[in-house]
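# Report on the structure
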Amino acid sequence: MKEFVVYTGLRILLFVASLGVVLGIWVPLAGEANLLWAFVIALVVSGVGSYFLLNGPREALAQRVDARARAATSRFEEMRAKEDQD
């Protein structure tokens, strides 16, 4: 659960930072900014940035999810084997 919270928090932080940079560049150049396009550009920039910058937290989350899935599968197989013996 911790890995999910960390990764999600970092993704949100990266998006907010990207939005700040986009608006920080756009507003002085144009005088005003279209918020919809600023959000879209920030979403793309943060998505690309997270691919490279958040590789470690993403891998930690993936390993945690994989471990939980393996444990659940193991428990399911144990219960199924017990039913077969009965």
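The sections below set out a description of the structure shown in this document. (Residues numbered from 1 in each chain as written. Predicted model: local features only at pLDDT ≥ 70, side-chain atom pairs only at ≥ 80, totals over all residues. Heavy atoms only, no water.)

### With respect to the packing of aromatic side chains
The relation between two aromatic rings is expressed through the spacing of the ring centres and the mutual angle of the planes. The condition that has to hold: When two rings of Phe, Tyr or Trp (its six-membered ring) have centres within 6.5 Å they constitute a pair, described as stacked for plane angles under 30 degrees, edge-to-face for angles over 60, and tilted for the intermediate range. Here's how the labels work: a residue is buried when its accessible area is under 20% of the maximum for its type, exposed when over 50%, partly exposed in between, all with a 1.4 Å probe on protein chains only.
Counted by the stated rule, this structure contains two aromatic pairs. Note on Y51 and F52: the rings are 5.1 Å apart at their centroids and 85 degrees apart in plane angle, and the pair reads as edge-to-face. Just as Y51 is exposed, F52 falls in that class too.

### Some words on the packing of helix α1 (residues 2-30) against helix α2 (residues 35-53)
Filter applied, for reference: Between N-to-C directions, angles cover 0 to 180 degrees, with each direction set by a line fitted to C-alpha atoms, over the stretch in contact for helices. Every helix listed is a DSSP run of H or I at least four residues long, and every strand listed is a run of E at least two residues long, numbered separately from the N terminus. Angles are sorted into four bins: roughly parallel if under 35 degrees, roughly antiparallel if over 145, roughly perpendicular if 65 to 115, and oblique for all others. Note on convention: near helix rotated counterclockwise from far helix by under a right angle means a left-handed crossing. Clockwise means right-handed.
Closest axis-to-axis distance for the α1/α2 pair is 8 Å, and the angle between their directions is 130 degrees. Taken together, the axes of α1 and α2 are oblique relative to one another. Of the two possible hands of crossing, α1 and α2 adopt the one that is right-handed.

### A closer look at the environment of R11
Test applied: In what follows, residue pairs with any heavy atoms lying within 4.5 Å of each other are defined as contacts.
Relative to the helices and strands, R11 is located in helix α1. For the pair R11 and F52, spaced 41 residues apart in sequence, the C-alpha separation works out to 12 Å. Residue contacts for R11: discarding those within four places in its chain leaves G47, S50 and L54.

### Some points on α2
Where we set the bar: Expected helix span is given by 1.5 Å per residue-to-residue step, counting one fewer step than there are residues. Regarding the arc, it is the one traced by the directions from the helix axis to the C-beta atoms. Polar contact is defined as a pair of N or O atoms within 3.5 Å, subject to the rule that within protein one atom must be able to donate a hydrogen and the other to accept it, and that residues adjacent in sequence are counted only when both atoms are side-chain atoms.
Taking 1.5 Å per residue as the helical rise, α2 with its 19 residues ought to reach 27 Å, and the 25 Å between its terminal C-alpha atoms agrees with that figure. Along α2, the residues classified as buried are A38, A42, S46, G49 and S50. All buried residues of α2 lie within an arc of 100 degrees about the axis, which places them on one face of the element. Opposite the buried face of α2, at more than 90 degrees from it, the exposed residues are L36, L43, V44 and Y51. The distance from a side-chain oxygen at the start of α2 to the backbone nitrogen of L36 is 3.1 Å, and the residue carrying that oxygen is N34.

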